[in-house]
Amino acid sequence: MYTVYYHPACNTCKKAIKWLEKTGIEVDLKHIVDETPSYEILKDVHEKSGLPISKLFNTSGKVYREMNIKEKKDGMTQDEILHLLASEGMLIKRPILIGKSSALIGFKEEEWGDKVK
């Protein structure tokens, strides 16, 4: 079973959930604001994804712009970034799909098709 962090108004999340349903993959859906991933979960996602920490940010989001994160994040440690993300779900890029040994951030059907079984 996979865990998916999503936002119901996010079109990319809607596409990902529809794809998962069509594919028959069982998931535990978690609203990214109501059930914001903890520091520990985000650290796990970062490690499993293999992506730079900056890829966890929803850079096109209103909260990202309002908090002026673009200018701040380069001076922050990885630990500070993970704590910041865990404090505000709307800062996190979505959807996030978490499995036992992998994590995918954002929905790209080809990538998910290759990695989700």
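Residues numbered from 1 in each chain as written. Predicted model: local features only at pLDDT ≥ 70, side-chain atom pairs only at ≥ 80, totals over all residues. Heavy atoms only, no water.

**Q** Please explain the side chain of His31 as it appears in this structure.
**A** Along the polypeptide, His31 turns up in strand 2 (residues 27-31). Setting aside residues no more than four positions away along its own chain, His31 makes contact with Tyr6, His7, Pro8 and Thr36. (Helix = DSSP H or I, 4+ residues; strand = E, 2+ residues; numbered from the N terminus. Contact = heavy atoms within 4.5 Å.)

**Q** Please clarify how the packing of aromatic side chains should be interpreted in this entry.
**A** Geometrically, a pair of aromatic rings is defined through the distance of the ring centres and the angle of the planes. Tallying each qualifying case throughout the model produces 4 aromatic pairs. Ring plane angle 50° and centroid distance 6.0 Å describe the contact between Trp19 and Phe107, whose orientation is recorded as tilted. Pair noted here: Trp19 is in helix 1 (residues 11-23) and Phe107 is in the loop between strand 4 (103-105) and helix 6 (109-115), with a separation of 88 residues, a long-range link. Accessibility assignment for this pair places Trp19 and Phe107 in one class, buried. Taken together, the ring pairs connect Trp19, Phe107 and Trp112 into an aromatic cluster. (Phe/Tyr/Trp six-rings, centres within 6.5 Å; stacked < 30°, edge-to-face > 60°. Buried < 20%, exposed > 50% of the residue type's maximum accessible area, 1.4 Å probe, protein only.)

**Q** Help me out: how do you make sense of the sheet that holds strand 2 in this one?
**A** Across a sheet, strands are paired by hydrogen bonds formed along the backbone, either parallel or antiparallel in direction. In spatial order, the strands read 2-1-3-4; together these 4 strands make up an open sheet with mixed pairing. Edge positions in the sheet fall to strand 2 and strand 4, since each of these pairs with one other strand and no more. The mean angle between the axes of side-by-side strands here comes to 15°, regardless of whether they run parallel or antiparallel. For strand 3 (residues 96-98) and strand 4, the ladder comprises 3 bridges, and the chain directions are antiparallel. In the strand pairing of strand 4, Ile98 is matched with Ala103. Against the sheet, helix 1 engages strand 1 (2-6), strand 2 and strand 3, with an angle of about 155° to strand 1. (Pairing = 2+ DSSP bridges. Axes fitted to C-alpha atoms, helices over the stretch in contact; angles between N-to-C directions.)

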